[in-house]
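Structural overview for review
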Amino acid sequence: MTQDADILIAGGGLNGPALALALARNGFSVTVVDGRPAPQRAEPGFDGRAYALALASQRLLAALGLWDGLAPRAQPILRVVTSDGTTATGPSPFVLAFDHAEIEEGPMGYLLEDRFLYAAFLAAMEAEPRIRLISGATVEAQEVGASGVTITLSTGAHLSGRLLVGCDGRQSGTARRAGIRRTGWGYGQTALVAAIEHERPHEGTAWQYFLPSGPLAILPLPGNRSSIVWSESDAAAAEIQRLPDADYLTALRPRFGDFLGAISLAGERFTYPLSLSLAHSFVAPRVALVGDAAHGVHPIAGQGLNLGLRDVAALAEVLTLAARRGEDVGSPLVLDRYQQWRRFDATALALGMDMVNSLFSNDNPILRAGRDLGMGIVNAVPGLRRGFIRQAAGLTGDLPRLLQGRPI
Ligand SMILES: Cc1cc2nc3c(=O)[nH]c(=O)nc-3n(C[C@H](O)[C@H](O)[C@H](O)COP(=O)(O)OP(=O)(O)OC[C@H]3O[C@@H](n4cnc5c(N)ncnc54)[C@H](O)[C@@H]3O)c2cc1C
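Nothing here was measured: the structure is a model prediction, and the numbers come from that model.

Focus on the overall build of the protein chain
Scanning the protein chain from N- to C-terminus turns up twelve helices and 20 strands. Here the protein chain, with 408 residues, has 54% of them falling under the buried criterion. Here the contacts in the protein chain between residues at least 6 apart in sequence split such that 73% fall between residues at least 24 apart. Total accessible area computed for the protein chain in this model is approximately 16,400 Å², and 56% of it derives from carbon and sulfur atoms.

In structure tokens form, the structure reads like this:
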């Protein structure tokens, strides 16, 4: 059977392009189908998120040849400070601080805005002759055969390949059509996201306040700017989002504190409803799931995309090594290696984030005392603290080569 491409990818958000590039650089032909027209997705106002990219994710972007162009847009994370607190009084004096100098690997990670990351992926895909990007069309059906898989697009076109990878987000149609079930729940929380300009420099510090209504992250961007990820109950977030800018800032100030001086808005305001969504399997015959399609997590520790890029690096390595051995890259044996590598790690982290969110998003005095004690212990033990820093930098576990910045 002649294939249109070796690998078909449904979804061209962030993990789809990263996987397409990792595979194309290793000799595969790849077709990416994305429902959203690429020029629209690349517009600066499309997505207000800034991603806290772990050091390992930065190494993957460097291995794919993207980092030199992105570096001037990225803010190194030199310190992470977490604190318990109340909405009325702001952060408590019990802080847990991690400094990049403790692991001697450079910054713990980088903050990068979506508008720069997606644009870099798009330019790299357009420049890569082995990648074909079809945007503005959706995958509507998939049919698996003995030697390949065929997909049908909303345009009526049919495409065939050896493997279909679902990078189509937490509502993944690829997973649903493959009969993969999901577990998940809404958090009843919505994240308010905006860029904030402040008077004083952040010095590369990322802050995470655990407030009873939900966590507030203040993440450093280049210049005197930070990106906030401010989680509130759905109803409160809807109310805050409806406020005019001045009142939005009035609601934010007591939570944000005044340690960075006067604050103002530095761009549009966005909201994201928060949920957990875990696929029961990351693979099915001639199908693999990557990124949010496999595991959509709470953004509490900024790990969602980092987890997805781990999938990307692992799947690219498994498929490349299999192809070099002459194996069929869509065979159950090959796909099972990917599932073995990624499923336990991703599911454990997703459930861990879920637990942290429920433990911290409340004002129970007993839990508060326990949390403060726990943070005090981690703070006091350097070995434990270094372990947390290496984990946050994505340097623990069985790391695929691309996450070590090495070619496959
Ligand atoms: C508020 C917030 C803050 C976050 N902060 C961080 C952070 O600091 N660090 C971090 O690592 N992660 C963070 N994340 C997580 C991160 O945003 C996600 O993990 C990541 O965007 C998922 O990318 P993806 O490519 O897997 O899925 P998506 O970005 O959801 O992309 C899916 C794509 O598939 C396309 N699609 C869907 N169905 C079809 C179809 N049938 N046919 C064709 N195309 C289809 C869609 O159009 C879309 O382009 C955050 C998340 C939130 C909500």
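Here we look at the environment of A50
Tracing the sequence through the fold places A50 in strand β3 (residues 50–54). Counting along the chain gives 24 residues from A50 to A74, while the straight-line C-alpha distance between them is 9.8 Å.

Quick word on the site of the ligand
Around the ligand lies a shell of 30 residues, among which N15, D34, A52, D292 and L305 are the nearest. N15 has a polar side-chain atom sitting 2.8 Å from an oxygen atom of the ligand. With respect to the ligand, the backbone of V139 contributes an N or O atom lying 2.9 Å from a nitrogen atom. Burial of the ligand by the protein amounts to 89% of the accessible area it has alone, namely 1,000 Å². Mapped by element, the contributors of at least two residues to the shell around the ligand are β2 (30–34), β3, β13 (182–198) and α9 (304–324).

Structural notes on helix α3 (residues 55–63)
Given 3.6 residues per helical turn, the α-helix brings residues three or four places apart onto the same face. Turning to α3, its buried residues are L55, A56, S57, Q58, L60 and L61. Those residues of α3 that are buried lie in contact with β3, α4 (67–70), β7 (109–113), α5 (114–127) and α9. G65 occupies a position one or two residues after α3 and carries a positive phi of about 85 degrees.

Overview of α9
Taking 1.5 Å as the rise per residue, α9 with 21 residues should run 30 Å; its terminal C-alpha atoms sit 31 Å apart, in good agreement. α9 sits mainly inside the fold: 18 of its 21 residues count as buried. Backbone geometry just downstream of α9 places G326 in the positive-phi region, at approximately 85 degrees.

Details of the packing of aromatic side chains
As enumerated under the stated definition, the model contains five aromatic pairs in all. Centroid distance W207 to F259: 4.6 Å. Interplanar angle 55 degrees. Geometry classified as tilted. Highlighted residues: W207 in strand β14 (residues 205–211) and F259 in the loop between α8 (245–256) and β17 (263–279), separated in sequence by 52 residues. Using a relative accessible area of 26% as the deciding quantity, one classes F259 as partly exposed. Summarising the aromatic geometry, the rings of W230 and Y248 are spaced 5.5 Å apart at their centres and angled 70 degrees between planes, so their arrangement reads as edge-to-face. With W230 in strand β16 (residues 225–233) and Y248 in helix α8, this pair connects stretches of sequence that are 18 residues apart. Exposure class is identical for W230 and Y248. Each is buried. In this structure an aromatic cluster arises from ring pairing among W207, Y209, F256 and F259. A cation sits over an aromatic face here: R41 above Y118, 4.4 Å from the ring centre.

Criteria and cut-off values
Residues numbered from 1 in each chain as written. Predicted model: local features only at pLDDT ≥ 70, side-chain atom pairs only at ≥ 80, totals over all residues. Heavy atoms only, no water. Helix = DSSP H or I, 4+ residues; strand = E, 2+ residues; numbered from the N terminus. Buried < 20%, exposed > 50% of the residue type's maximum accessible area, 1.4 Å probe, protein only. Contact = heavy atoms within 4.5 Å. Areas by Shrake-Rupley, 256 points an atom, 1.4 Å probe, with all protein chains shown as cover. Near = heavy atom within 4 Å. Polar contact = N/O pair within 3.5 Å; in protein donor to acceptor, adjacent residues only side chain to side chain. Expected span 1.5 Å × (residues − 1). Phe/Tyr/Trp six-rings, centres within 6.5 Å; stacked < 30°, edge-to-face > 60°. Lys NZ or Arg CZ within 6 Å of the ring centre and 35° of its normal.

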